[in-house]
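Architecture and fold: a report
Listed below, chain by chain, are the residues.
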Amino acid sequence: MASEWCIGIIGGSGLYDIEGLEDEQWIAIETPWGEPSDEVLCGRIGDVKVRFLPRHGRGHPVSPGELNSRANIDALKRAGCTDILAISAIGSLREQIEPGRFVVVEQFIDRTVSRESTFFGTGFVTHVSMADPVCPRLSEMAGKAIAACKGKVAVGATYLAMEGPQFSTRAESLMYRQWGADVIGMTAMPEAKLAREAELPYALVGMATDYDCWREGEQVDVAQVVAQMQSNGELARDTIVKFIENLPKKRAASPIDTALDDAVITAPDEHEPAMLAKLDAVAGRLLG
Ligand SMILES: CSC[C@H]1O[C@H](OP(=O)(O)O)[C@H](O)[C@@H]1O
Ligand SMILES: Nc1ncnc2[nH]cnc12
């Protein structure tokens, strides 16, 4: 069934705001999972509703390992989002992904270790598929929007999510290359997993800011990341606007909209009422 789009944008390092939304307003959203990183900027571009959340909060107070991704995704779902386009600063693990290039991510390797990575648990045990972790429709439209804005783009990349907050050792960086990772960051996991659990199609556009440290004699620092994000900031904002302007008028259903249909294993008479209460937004479609 066709419906309206409501696009959630998660802004990464260097992207704490988007300009030019009509009827814009920062709104605080409460969630059963605690506080999101910030208020959500709600507005629209033409007929498309837009909800923008700066992943680390305005001014970047929140560290990657302390992000409350459950609250962030729940807040976007509560704010009415149908789909999420996430933006991240990334280190490049490949010569041909030079700083400044945009990267449309297709796969993930999750090396994070100390983060709440599911909405579910005892009383509502659920296993969603992460075989294809991003939404191909959103990813394709994101790639086209970058190209339309004259950005350099690489598609089909594998993103390694590391715990951080320290950058990698040189041995780790070299190992991740051998594993087949193309880019590295600290935030897209468990964000992408949680989006899938919340039945929100998710795409990730990375902006390469550095070559991490796998090249001899080189290492990454925050100044390098910030400088690259500043020089690419306008292009990133233009890309987001182009992506939204180019959406088809109506949103056709996505298989991800019903990701929970074959995922819940707990029998209904074993459901835990306290758990169900917290899932009112995330699994509201199933729980009624
Ligand atoms: C500021 S350098 C490291 C920092 O940048 C990336 O953040 P985000 O993915 O939110 O753009 C990386 O994952 C680290 O959190
Ligand atoms: N080299 C890198 N490692 C992890 N996260 C990053 N974000 C930007 N560059 C990064």
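Sequence order sets the numbering: in each chain, residues are counted from 1 along the sequence as written. Ligands are numbered from 1 and chains lettered from A, in the order in which they are written. This being a predicted model, a pLDDT of at least 70 is required before a residue's local features are given, and a value of 80 or more before pairs of side-chain atoms are given or counted; all residues contribute to the totals for chains, interfaces and linings. As a rule here, side-chain values come from all non-hydrogen atoms in the structure, and water together with hydrogens is ignored.

Going by what an unreviewed UniProt entry lists, the chain is known as S-methyl-5'-thioadenosine phosphorylase and is assigned to Erythrobacter crassostreae. UniProt positions are given in the numbering used here, feature names are shortened, and annotations may be inferred rather than shown by experiment. The chain has a UniProt comment under Subunit (unreviewed entry) that states "Homohexamer. Dimer of a homotrimer." Recorded in UniProt for the chain, the comment headed Sequence similarities (unreviewed entry) runs: "Belongs to the PNP/MTAP phosphorylase family. MTAP subfamily."

Here's the deal with a nonpolar patch on the surface
Every patch collects residues that have over 30% relative accessible area and no salt bridge, joining them within 9 Å if they carry like charges and within 5 Å if they are nonpolar side chains (Val, Leu, Ile, Met, Phe, Trp, Tyr). Under the convention used here, a 1.4 Å probe and the Shrake-Rupley method define accessible areas, while residue burial counts only the protein chains that appear. One side-chain nitrogen of Lys or Arg within 4 Å of one carboxyl oxygen of Asp or Glu is enough to make a salt bridge. On the surface, a nonpolar cluster with roughly 240 Å² of combined accessible area is contributed by Phe167, Val222 and Val226. Here Val222 falls in the exposed class, since its relative accessible area comes to 55%. Buried means the residue's accessible area, taken with a 1.4 Å probe over protein chains only, is under 20% of the maximum for its type, while exposed means over 50%, and partly exposed covers the values in between.

Observations concerning the site of ligand 2
If even one non-hydrogen atom of a residue comes within 4 Å of a molecule or strand, that residue is called near it. As a structural note, the neighbourhood of ligand 2 is formed by 13 residues, with Ala89, Gly91, Thr209, Asp210 and Asp212 the closest of them. Any pair of nitrogen or oxygen atoms within 3.5 Å is treated as a polar contact; in protein, a donor-acceptor pairing is required on top of that, and neighbouring residues in sequence qualify only through side-chain atoms on both sides. Note that a nitrogen atom of ligand 2 is positioned 3.2 Å from one of the backbone N or O atoms of Gly91. Here a nitrogen atom of ligand 2 sits 2.8 Å away from a polar atom, N or O, in the side chain of Asp212. In the complex, 95% of the free accessible area of ligand 2, which totals 260 Å², lies under the protein chains. Strands here mean DSSP runs of E at least two residues long; helices mean DSSP runs of H or I at least four residues long; both are numbered from the N terminus. Counting only elements with at least two residues in the shell around ligand 2, the list comes to strand S5 (83-92), strand S8 (183-185) and strand S9 (202-210). When residues in the shell around ligand 2 are grouped by element, the largest group, three residues, is from S5. Note on residue classes: Ala, Val, Leu, Ile, Met, Phe, Trp, Tyr, Cys and Pro are nonpolar, Asp, Glu, Lys and Arg are charged, and everything else, Gly too, is polar. Residue composition of the shell around ligand 2, grouped by class: eight nonpolar, three polar and two charged.

Concerning the pattern of salt bridges
Here the structure, examined in full by the defined rule, presents 22 salt bridges. With a closest N to O distance of 3.2 Å, Arg44 and Glu22 form a salt bridge. Of this pair, Arg44 sits in strand S3 (residues 40-45) while Glu22 sits in strand S2 (residues 22-27), and the two are 22 residues apart along the sequence. Each of Glu22, Asp23 and Arg44 takes part in salt bridges that share partners, so that together they form one network.

Describing the pairing of S9
Of all the nine residues making up S9, nine are buried; the element is thus mostly covered by neighbouring parts of the structure. Sheet topology note: the S5/S9 ladder contains eight bridges and is parallel. Paired with Ile90 across the strands is Ala208, a residue of S9. When DSSP locates at least two bridges between a pair of strands, those strands are taken to pair. Sheet topology note: the strand S6 (residues 102-110)/S9 ladder contains three bridges and is antiparallel. Within the sheet, the bridge partner assigned to Val104 lies in S9 and is Val205.

Some words on the side chain of Arg251
As for its placement among the helices and strands, Arg251 is situated in the loop between helix H5 (222-245) and helix H6 (273-278). The class for Arg251 is buried, based on a relative accessible area of 4%. Looking at Arg251, its side chain comes within polar contact range of the side chain of Asp257, at 2.8 Å.

So, helix H4 (residues 188-197)
Within H4, nine of the ten residues are buried, which leaves the element mostly enclosed by the surrounding structure. Whether two residues are in contact is decided by their heavy atoms, any of which lying within 4.5 Å being enough. On the buried face of H4, the contacting elements are strand S1 (6-11), helix H1 (69-78), S5, S6, strand S7 (153-161) and S9. Positive backbone phi, at 60°, marks Glu199, one or two positions downstream of H4.

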